[in-house]
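Listed here are the chains, written in short residue letters.
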Amino acid sequence: MVIGVLRVEFTLHGNASLKGKRSVAQSLKRKMRNKFNVSVAEVESQESHTRLVLAASTVGNEWKHVESRLTKCLNMLEAAAPEEITDSSIELFSPE
């Protein structure tokens, strides 16, 4: 079993409210869930208006498959999200 975690940090330029941030977060989370069947949550800076950090996780049988799914998810975010991605990382874990 392999567990993969994708962490992506966005800077939301021109956003002045938590309501606007939540709208962006919900849209990105919905796209990630629908296209890649990953679990997604906002993990840091919930009270910041201009910083959004999302984490996505997935589980699979092979390292290559899990890494590929998360890499494709990151590529989709880079292409589809109008927000600036300031940091991203992919971590893979195997409890065995």
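None of the values given here were measured: they were computed from a predicted structure. Each chain carries its own residue numbering, running from 1 in the written order of its sequence. Only residues with pLDDT of at least 70 get local features here, since the model is predicted, and only at 80 or more are side-chain atom pairs given and counted; chain-wide, interface and lining totals rely on the full set of residues. Processing note: side-chain calculations cover all non-hydrogen atoms of the structure and skip hydrogens and water entirely.

Some thoughts on the side chain of K29
At step 1: Comment: elements are numbered from the N terminus, with helices defined as DSSP H or I runs of at least four residues and strands as E runs of at least two. Turning to its location among the elements, K29 is positioned in helix α1 (residues 18-36).
At step 2: Here K29 occupies a buried position and makes no salt bridge, while the nearest side chain of opposite charge, E42, is found at 5.5 Å.
At step 3: Every residue in contact with K29, bar those within four places of it in the chain, is listed here: V40, A41, E42 and L54. Here's how the labels work: a residue is buried when its accessible area is under 20% of the maximum for its type, exposed when over 50%, partly exposed in between, all with a 1.4 Å probe on protein chains only. For the charge count, each Lys or Arg is scored as positive and each Asp or Glu as negative, with His and the chain ends excluded. We define a salt bridge as a side-chain nitrogen of Lys or Arg found within 4 Å of a carboxyl oxygen belonging to Asp or Glu. By definition, residues are in contact when any of their heavy atoms lie within 4.5 Å.

Considering the pairing of strand β2 (residues 39-44)
At step 1: As paired strands, β2 and strand β3 (residues 51-60) are joined by five bridges and run antiparallel to one another. What sits directly across from E42, in β3, is L54.
At step 2: A pair of strands is considered paired only if DSSP assigns at least 2 bridges between the two. Connecting β2 to the next strand, β3, in antiparallel fashion are six residues, including S45 with a positive phi near 55°.

Overview of the nonpolar core
At step 1: Membership of the largest hydrophobic core comes to 21 residues, with the highest contact counts inside it found for L6, F10 and M32.
At step 2: Those elements that provide at least two residues to this core are β1 (2-11), α1, β3 and α2 (63-80).
At step 3: Once you skip the residues sitting within four places of it in the chain, F10 turns out to touch L28, T50, R51, L52, L54, L77, A81, E83, E84, I85 and T86. Here, nonpolar core means buried Ala, Val, Leu, Ile, Met, Phe, Trp, Tyr and Cys residues that are tied together by side-chain atoms lying within 4.5 Å of each other.

Comments concerning the pattern of salt bridges
At step 1: Going through the model one piece at a time under the given rule, you end up with seven salt bridges.
At step 2: A salt bridge links R7 to D87, with the nearest nitrogen and oxygen atoms 3.3 Å apart. Of this pair, R7 sits in strand β1 while D87 sits in strand β4 (residues 84-93), and the two are 80 residues apart along the sequence.
At step 3: Residue D87 is classed as partly exposed on the basis of its relative accessible area, which comes to 36%.
At step 4: For R51, the salt bridge is made with E44, and the minimal N-O distance between the two is 3.1 Å.
At step 5: Looking at R51, the relative accessible area reads 26%, which means it is partly exposed.
At step 6: Salt bridges sharing common partners tie together R7, E9, E44, R51 and D87.

Observations concerning the environment of V40
At step 1: With respect to the helices and strands, V40 occurs in strand β2.
At step 2: Separated by 41 residues in sequence, V40 and A81 place their C-alpha atoms 15 Å apart.
At step 3: With sequence-adjacent residues up to four places away left out, V40 is seen in contact with K29, M32, R33, L54, A55 and A56.

What about the environment of E91?
At step 1: Following the sequence through the fold, E91 ends up in strand β4.
At step 2: What E91 contacts, discounting residues up to four positions off in sequence, is I3, G4 and V5.

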